[in-house]
Amino acid sequence: MAFLEVTNVTKRFGGLVALNAISFSVAKGEILGIIGPNGAGKTTLFSVISGFMPPSEGDVHFDGAAITGISPDRLVRRGLIRSFQIVQTFADMTTLDVVTTAALARRPIREAIDYAAHVLNRVGLGGKENLTPATLSLQDKKLLELAKCVATDPRCILLDEVMAGLTMAETTAPMAIIRELNSQGVTIVMVEHVMPVIMRLATRIVVVNFGEKIAEATPDEIVKDQKVIDAYFGEHLDA
Ligand SMILES: Nc1ncnc2c1ncn2[C@@H]1O[C@H](COP(=O)(O)OP(=O)(O)O)[C@@H](O)[C@H]1O
Ligand SMILES: [Mg+2]
């Protein structure tokens, strides 16, 4: 069985079928990209995998065990974490507090604060420990979202549009962090609209449209797939 295995996952919200029998697997150490138009079900898929909502049908396995229905905090302790597409800010916390809270998932308090400071430095937020997240630029908010994930010592990270809204120049830092994590053995699943980023980072891409998986292939094959072009790329093939 693969490191992360999604089998026939269906998610209904009332009459809306947000995910329809989605299956795919992710090998240990891989970077898998997930793309698809807005509303395709990508964030819902991450919510199901990471334990934030149960699937209506289907199963998720991680590291050889069924994890369907296991809570997010327990999954974090097993090394599976997701980032949030909408960056959450906390009025009374500093960036160091936020990352320390994440680090506490797997470390005792006496280590968590130092480790959080180390992680902030590693993602390029050194010197911003005492700022409140709300005052950060969008790029720094996205780096903070990455830092929260990294601080939990993940073995597999689900990244939900961590580059959205950034300029191409601003994507350099998060791309380098993702590459470095991956080179250290962290498995990455990333939903991303910024095509040059996903084309460069992903070894394989799954395409979702209206809750269905319509393609799964290498980046080179994906851009030539007529179903994908029709559903997603339009005329922006070289984007
Ligand atoms: N909690 C929810 N309750 C009801 N409908 C939802 C909920 N979350 C997502 N949806 C719907 O499910 C579909 C997929 O949404 P989402 O997973 O956010 O798509 P994506 O991330 O691909 O843009 C959309 O039609 C959205 O409106
Ligand atoms: Mg989304």
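The structure presented is a predicted model; accordingly, all values stated were derived computationally and were not measured. (Residues numbered from 1 in each chain as written. Chains lettered and ligands numbered in written order. Predicted model: local features only at pLDDT ≥ 70, side-chain atom pairs only at ≥ 80, totals over all residues. Heavy atoms only, no water.)

Chemist: Explain the confidence of the model for the chain to me, and be specific about the residues and the numbers.
Modeler: Averaged over every residue, the pLDDT of the chain is 93; residues scoring 70 or more account for 95%. Across residues 235-239, where pLDDT falls below 50, the model places four contacts with residues more than four positions away in sequence or in other chains. (pLDDT = per-residue confidence, 0-100. Contact = heavy atoms within 4.5 Å.)

Chemist: Quick rundown of the sheet that holds strand β3 (residues 31-35)? Include the residues and the values.
Modeler: Strands sit in the order β6-β7-β8-β3-β9-β10 across an open sheet of six strands; the sheet is mixed. Each edge of the open sheet is held by one strand with a lone partner, namely β6 (80-82) and β10 (212-217). Looking at each pair of strands side by side, their axes are set apart by 15° on average, direction ignored. Bridge count between β3 and strand β8 (residues 187-191): four bridges; the pairing is parallel. Looking at β8, one finds that G33 is bridged to M190. Here helix α1 (residues 42-49) sits on the sheet in contact with β3, β6, β7 (156-160) and β8, set at roughly 150° to β7. Where helix α6 (residues 168-183) meets the sheet, its contacts fall on β3, β7 and β8, and the angle it forms with β8 comes to roughly 150°. (Pairing = 2+ DSSP bridges. Helix = DSSP H or I, 4+ residues; strand = E, 2+ residues; numbered from the N terminus. Axes fitted to C-alpha atoms, helices over the stretch in contact; angles between N-to-C directions.)

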